[in-house]
Amino acid sequence: MSRVRTAFPRSSEITPRDVFDQRRSFLRDAGFVIAAAGAASLGLGARDAAAGTFSSARKGPYGTTEAPTPLKDVTSYNNFYEFGTGKEDPAERAGSLKTRPWTVSVEGECAKPRRWDIDELLKLAAIEERVYRMRCVEGWSMVIPWNGYPLAELLKRAEPNSRAKYVEFTTLSDVSQMPGQRAAVLDWPYVEGLRIDEAMHPLTLLTLGLYGDLLPNQNGAPVRVTVPWKYGFKSAKSIVRIRFTEHEPKTAWNKAAPREYGFYSNVNPAVEHPRWSQAKERRIGEWTKRPTLPFNGYAEQVAGLYAGMDLRKYF
Ligand SMILES: Nc1nc2c(c(=O)[nH]1)N[C@H]1C(S)=C(S)[C@@H](COP(=O)(O)O)O[C@H]1N2
Ligand SMILES: [Mo]
């Protein structure tokens, strides 16, 4: 409780006025019932819900000072194939996703497997704001103020054992809520994975919100991961299971097109994708392309994880 409501300034004081106004109007337009429901379960009053569930979250480390992508773009230009392959499909169709009740089971190679309720996850650790660059393999990027805490906070509570070398993430599988799962574009459910040191890295965020509120459905409500130095598809949405494994997980995109999507998928301008250049990117809202940075600009934090590895082979 107190962890969510901190003594830090309200977001109306610390974010640019237009961003704040834009958020308010979005909440009004969307009739943000989910945020209100989440706020109620956290014991927040109606006024706090209107201002945003996490609006007083403290700024976490590693945030970029680059201008955030407008909320409207963050919530209307999405990849979430469970709701269709068009960029506007998730915003239009993800209303059918029921994000409560919701549980995430943490299992596999660990001493303390456990099923967590979403309300427990909301209170497990202090919710931070992390403004991360996100880079899609298709050649576009955004800057998104996420709300969450390091995934390590959750993982360490499971006490992974010595066989736990990877962490696998599985998205909900339910065609009645996710109409895009009727199409065989991927082998559902969506599965992603990280090496355990990547999953435990302080940059890897268990993400519960954006722009100060609970995640909109199209962005992976009620809980997703955010791995900012990897291409966007590594950041699995609407997660129901996290599993410690001894062997490299079989990921949905790797199974679909192994030559295009490697297990690592670190943002790397020097490794070309057969269909989209990785040398440059278009920041949503800008016209001139900007160069793509190694590890999406997070090399200082994560390059050491790959010391001695041939990143052209392990792409
Ligand atoms: N379950 C699931 N997770 C997913 C995807 C998806 O189709 N299904 N798309 C990925 C891709 S390709 C990207 S670029 C990001 C987009 O996240 P955003 O819409 O919140 O910006 O989500 C990733 N996570
Ligand atoms: Mo992506």
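Below is a summary of the structure that appears in this document. In this text, all values refer to a predicted model and were calculated from it rather than measured experimentally.

1. Considerations on the overall build of the protein
Okay, so step 1: A count of helices and strands for the protein gives 11 helices and 13 strands.
Okay, so step 2: Taking all 315 residues of the protein together, the buried fraction comes to 54%.
Okay, so step 3: The contacts of the protein with a sequence gap of at least 6 include a subset with a gap of at least 24, amounting to 72%.
Okay, so step 4: Counting only carbon and sulfur atoms, one obtains 53% of the accessible surface of the protein, whose full area is about 13,700 Å².

2. Digging into the nonpolar core
Okay, so step 1: If you look at the biggest cluster of nonpolar residues, it comprises 76 residues, and the most contacted ones within it are Leu 151, Leu 154, Phe 169, Ile 242 and Phe 244.
Okay, so step 2: Top contributing element to this core by residue count: strand S5 (residues 140-150), with five residues.
Okay, so step 3: Aside from chain neighbours lying at most four places away, what touches Leu 151 is Phe 169, Ala 199, Thr 204, Leu 205, Leu 206, Val 225 and Ile 242.

3. Description of the pairing of strand S7 (residues 191-195)
Okay, so step 1: For S7, a buried count of five out of five residues is recorded, marking the element as mostly surrounded by other parts of the structure.
Okay, so step 2: Of the two faces of S7, the one holding Val 191, Gly 193 and Arg 195 and the one holding Glu 192 and Leu 194 are both buried throughout.
Okay, so step 3: Strand direction decides the pairing type here: strand S6 (residues 166-171) and S7, joined by five bridges, are antiparallel. Opposite Val 167, over in S7, you have Leu 194 as the bridge partner.

4. A short note on the site of ligand 1
Okay, so step 1: As a matter of local geometry, ligand 1 sits amid 17 residues, with Asn 78, Tyr 81, Glu 82, Arg 224 and Lys 237 nearest to it.
Okay, so step 2: The contact in question runs from an oxygen atom of ligand 1 to an N or O atom on the backbone of Tyr 81, over 2.8 Å.
Okay, so step 3: Within the side chain of Thr 171, one N or O atom sits 3.0 Å away from a nitrogen atom of ligand 1.

5. Overview of the pairing of strand S11 (residues 239-245)
Okay, so step 1: Both strand S2 (residues 103-108) and S11 contribute to a ladder of four bridges, which runs parallel. Among the inter-strand pairings, Gly 108 is bridged to a residue of S11, identified as Phe 244.
Okay, so step 2: Pairing analysis gives six bridges linking S6 to S11, with the strands arranged antiparallel. Each residue of the ladder has a partner; that of Val 167, found in S11, is Phe 244.

6. Notes on the packing of aromatic side chains
Okay, so step 1: The full count for this structure, using the stated rule, is 11 aromatic pairs.
Okay, so step 2: With centroids separated by 5.2 Å and ring planes inclined at 80°, the aromatic side chains of Phe 233 and Tyr 261 adopt a geometry described as edge-to-face. Of this pair, Phe 233 sits in the loop between strand S10 (224-226) and S11 while Tyr 261 sits in the loop between helix H10 (252-256) and strand S12 (280-283), and the two are 28 residues apart along the sequence.
Okay, so step 3: Phe 233 sits in the buried class, given a relative accessible area of 9%.

7. Thoughts on the pattern of salt bridges
Okay, so step 1: Taken as a whole and judged by the stated rule, the model has 24 salt bridges.
Okay, so step 2: Of the charged contacts, one joins Asp 119 and Arg 100 as a salt bridge, the two residues approaching to 2.8 Å between their closest N and O atoms. Remark: Arg 100 occurs in the loop between helix H6 (89-93) and S2 and Asp 119 occurs in helix H7 (residues 118-123); sequence separation between them is 19 residues.
Okay, so step 3: Judged by its relative accessible area of 21%, Asp 119 falls in the partly exposed class.

8. Some remarks on the side chain of His 201
Okay, so step 1: Take His 201: it is sitting in the loop between helix H9 (196-200) and strand S8 (205-210).
Okay, so step 2: The buried category is assigned to His 201, whose relative accessible area is 9%.
Okay, so step 3: There is a polar contact of 2.9 Å between the side chain of His 201 and the backbone nitrogen of Leu 203.
Okay, so step 4: Apart from residues no more than four positions distant in its own chain, His 201 is found in contact with Trp 229, Gln 301, Val 302 and Leu 305.

Thresholds, definitions, all that
Residues numbered from 1 in each chain as written. Chains lettered and ligands numbered in written order. Predicted model: local features only at pLDDT ≥ 70, side-chain atom pairs only at ≥ 80, totals over all residues. Heavy atoms only, no water. Helix = DSSP H or I, 4+ residues; strand = E, 2+ residues; numbered from the N terminus. Buried < 20%, exposed > 50% of the residue type's maximum accessible area, 1.4 Å probe, protein only. Contact = heavy atoms within 4.5 Å. Areas by Shrake-Rupley, 256 points an atom, 1.4 Å probe, with all protein chains shown as cover. Core = buried A, V, L, I, M, F, W, Y, C linked by side-chain atoms within 4.5 Å. Pairing = 2+ DSSP bridges. Near = heavy atom within 4 Å. Polar contact = N/O pair within 3.5 Å; in protein donor to acceptor, adjacent residues only side chain to side chain. Phe/Tyr/Trp six-rings, centres within 6.5 Å; stacked < 30°, edge-to-face > 60°. Salt bridge = Lys/Arg side-chain N within 4 Å of Asp/Glu carboxyl O.

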